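Chain and residue survey
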Amino acid sequence: MKSRKHVHGKKWETVRDFLNEKVDQYNRPGFIENDPVSIPHSFRRKQDIEIAGLFAAVLAWGQRVTIINKCWQLMGMMDNDPYKFILNHSEKDLRPLMDFKHRTFNTTDTLYFVEALRWYYQQHTSLEDAFYVPGAETIELGLNQFQEIFFSLEDAPRRTRKHIPAPIRKSTCKRLAMYLRWMVRQDNCGVDFGVWKRITPAQLVCPCDLHVDRTARRLKLIRRKQTDWETALELTAHLRAFDAADPVKYDFALFGLGIEEGWSKQVKV
């Protein structure tokens, strides 16, 4: 990682130097508008941010414009007051939700999410409790714990489990890893929220989506052939060598290079 590299006609001392500049470029308020993180940014109450963020992350599949539109459709069905809706909805209030669908996320999934979240928030004030594992090195145990808690209701549909994956099943958990980045990371740039304080940025694992995966491979930050949870850990280990306290800030750089600058399609390093 210490060898000089030529990227876009410039010579960089290290890959870290290059990625740090890209973090500065993309970790800015302007990033918010065209990203699913814009959904929770429309709320101020902590629980609204958590709920809107969870739905936005889970539904983050496909074109970003479509994802954002679908999330706003769902928020509208919750009267744009998700925490109040989750806790106080009636059976009649649920009827509009029966028409909601995004890719493989259907009515069954939507209604179960609402039911599971109401049950949870009747007992807890924050979703952080479901992810927090004291002394954990990374978020791995927390992701496993969240899946177990979320599907602990007796009527939990088996089909809905695919929307809340867990490392124990080898999933990259890319959307939930992104959600945790939103909730945990806190800096002066305004994109991530930092509303959770017990889980630290050092414990986060980089969301390994298609764009991040391909860009990281071009930078030789991933050597594992398949893409699974171990791949996400491998990438995060390399990023931790660049910044042990905040390795997942480099998600901005890798994603930005991949989707905004086309690295995941054509650029070779």
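Residues numbered from 1 in each chain as written. Predicted model: local features only at pLDDT ≥ 70, side-chain atom pairs only at ≥ 80, totals over all residues. Heavy atoms only, no water.

If you check an unreviewed UniProt entry, the chain appears there as TIGR02757 family protein from Dawidia cretensis.

**A word on the side chain of Glu50**
Applicable threshold: Put simply, DSSP marks the helices as runs of H or I at least four residues long and the strands as runs of E at least two long, and each gets a number from the N terminus on. Throughout, exposure labels follow a simple rule: accessible area from a 1.4 Å probe, protein chains only, divided by the maximum for the residue type, with under 20% read as buried, over 50% as exposed, and the rest as partly exposed. Only four residue types enter the charge count: Lys and Arg as positive, Asp and Glu as negative, with His and the chain ends excluded. Here a salt bridge means any side-chain nitrogen of Lys or Arg lying within 4 Å of a carboxyl oxygen belonging to Asp or Glu. Polar contacts, as used here, are pairs of N or O atoms within 3.5 Å; protein pairs need one atom able to donate a hydrogen and one able to accept it. Residues neighboring in sequence count only if both atoms are side-chain atoms. Should any heavy atoms of two residues lie within 4.5 Å, those residues are counted as being in contact.
Note on placement: Glu50 falls in helix H2 (residues 46-58). Salt bridges are absent for the buried Glu50, whose nearest opposite-charge side chain, Lys46, sits at 4.6 Å. For Glu50, the side chain forms a polar contact with the side chain of Tyr121, separated by 2.5 Å. Look past the residues within four positions of Glu50 in its chain and what remains in contact with it is Tyr121, Thr125, Ser126, Leu127, Glu128, Tyr179, Met183 and Trp196.

**Section: the packing of aromatic side chains**
Two aromatic rings, taken as a pair, are described by how far apart their centres are and by the angle between their planes. Note the following rule: Stacked, tilted and edge-to-face are the three classes assigned to paired rings of Phe, Tyr and Trp, where Trp is represented by its six-membered ring and a pair needs centres within 6.5 Å; plane angles under 30 degrees give stacked, over 60 edge-to-face, the rest tilted.
Counted under the stated rule, the structure contains 19 aromatic pairs. For the pair Phe55 and Phe113, a centre-to-centre distance of 5.6 Å together with 40° between the ring planes defines the contact as tilted. Here Phe113 lies in helix H5 (residues 107-121) and Phe55 lies in helix H2, a separation of 58 residues in the sequence. Neither residue differs from the other here; Phe55 and Phe113 are each classed as buried.

**Quick notes on unusual backbone geometry**
Located in the positive-phi region is Asp79, a residue other than glycine, with phi close to 60°. Looking at where Asp79 falls in the secondary structure, it is placed in the loop between helix H3 (64-77) and helix H4 (82-88). Within the chain, Asn80 stands out as a residue other than glycine whose phi angle is a positive 50°. Mapped onto the elements of the fold, Asn80 is located in the loop between H3 and H4.

**With respect to the packing of H2 against H3**
Cut-off, in case you're wondering: To obtain an axis, a line is fitted to C-alpha atoms, over the contacting stretch when the element is a helix, and the angle between two such axes runs from 0 to 180 degrees between their N-to-C directions. An angle below 35 degrees is treated as roughly parallel, one above 145 as roughly antiparallel, one from 65 to 115 as roughly perpendicular, and anything else as oblique. By the definition used in this description, the sense in which the near helix is turned from the far one sets the handedness, with an anticlockwise turn below a right angle giving left-handed and a clockwise turn giving right-handed. Note that Gly is not counted as nonpolar here; it falls among the polar residues with everything else outside the nonpolar set of Ala, Val, Leu, Ile, Met, Phe, Trp, Tyr, Cys and Pro and the charged set of Asp, Glu, Lys and Arg.
It is at 10 Å that the axes of H2 and H3 come closest, and there the two elements cross at 140°. Relative to H3, the element H2 lies oblique. Where H2 crosses over H3, the two elements pack in a sense that is right-handed. Of the residues in H3, those touching H2 at Ala52, Phe55 and Ala56 are Ile67, Cys71, Leu74 and Met75. Of the residues in the contact of H2 with H3, the class split is seven nonpolar, no polar and no charged.

**Looking at the nonpolar core**
The criterion, for reference: What we call a nonpolar core is a set of buried Ala, Val, Leu, Ile, Met, Phe, Trp, Tyr and Cys residues that are connected through their side-chain atoms within 4.5 Å.
With 85 residues, the main nonpolar core has Leu19 and Leu235 as its most contacted residues. Among the elements that make up this core, the one with the highest residue count is H2 (eight residues). Apart from the residues lying within four places of it in its own chain, the contact partners of Leu19 are Leu219, Leu221, Phe242, Tyr250, Ala253, Leu254 and Leu257.

**Notes on helix H10 (residues 229-242)**
Owing to its 3.6 residues per turn, the α-helix aligns residues three or four sequence positions apart on the same side. Heads up, the rule is: A helix is expected to span 1.5 Å for every residue after the first.
For H10, built from 14 residues, the straight-helix expectation of 20 Å at 1.5 Å per residue is met to within 8% by its first-to-last C-alpha distance of 20 Å. Residues of H10 that are buried include every one of Trp229, Thr231, Ala232, Glu234, Leu235, Thr236, Leu239 and Phe242, and no others. On its buried face, H10 is in contact with helix H1 (15-26), helix H7 (140-150), helix H9 (210-218) and helix H11 (250-260). The N-cap residue of H10 is Asp228: its side-chain oxygen and the backbone nitrogen of Glu230 are 3.1 Å apart.

**Some details on the side chain of Asn144**
Looking at where Asn144 falls in the secondary structure, it is placed in helix H7. We classify Asn144 as buried; its relative accessible area is 17%. Ignoring any residue separated from it by four or fewer positions in sequence, one finds Asn144 in contact with Ala166, Pro167 and Ile168.

**Notes on the environment of Lys46**
With respect to the helices and strands, Lys46 occurs in helix H2. As a C-alpha pair, Lys46 and Thr66 span 20 residues in sequence and 25 Å in three-dimensional space. Apart from residues lying up to four places away in sequence, Lys46 is in contact with Ser126, Val195 and Trp196.

**Concerning the state of the cysteines**
Selection criterion: The disulfide definition used here is simple: a pair of cysteine sulfur atoms within 2.5 Å.
For the structure on display, the rule yields zero disulfides. Cys173 provides the cysteine sulfur closest to Cys71, a residue in no disulfide bond, and the two sulfurs are 19 Å apart. Since its relative accessible area comes to 1%, Cys71 is described here as buried. Residue Cys189 stays outside any disulfide, its sulfur separated by 16 Å from that of Cys206, the closest cysteine.

**Overview of the pattern of salt bridges**
The tally for this structure, following the rule as stated, stands at 15 salt bridges. We note a salt bridge from Arg64 to Glu260, for which the minimum N-O separation is 2.9 Å. With Arg64 in helix H3 and Glu260 in helix H11, this residue pair connects regions lying 196 residues apart in the sequence. Look at Arg64 and you get buried, because its relative accessible area is 18%.

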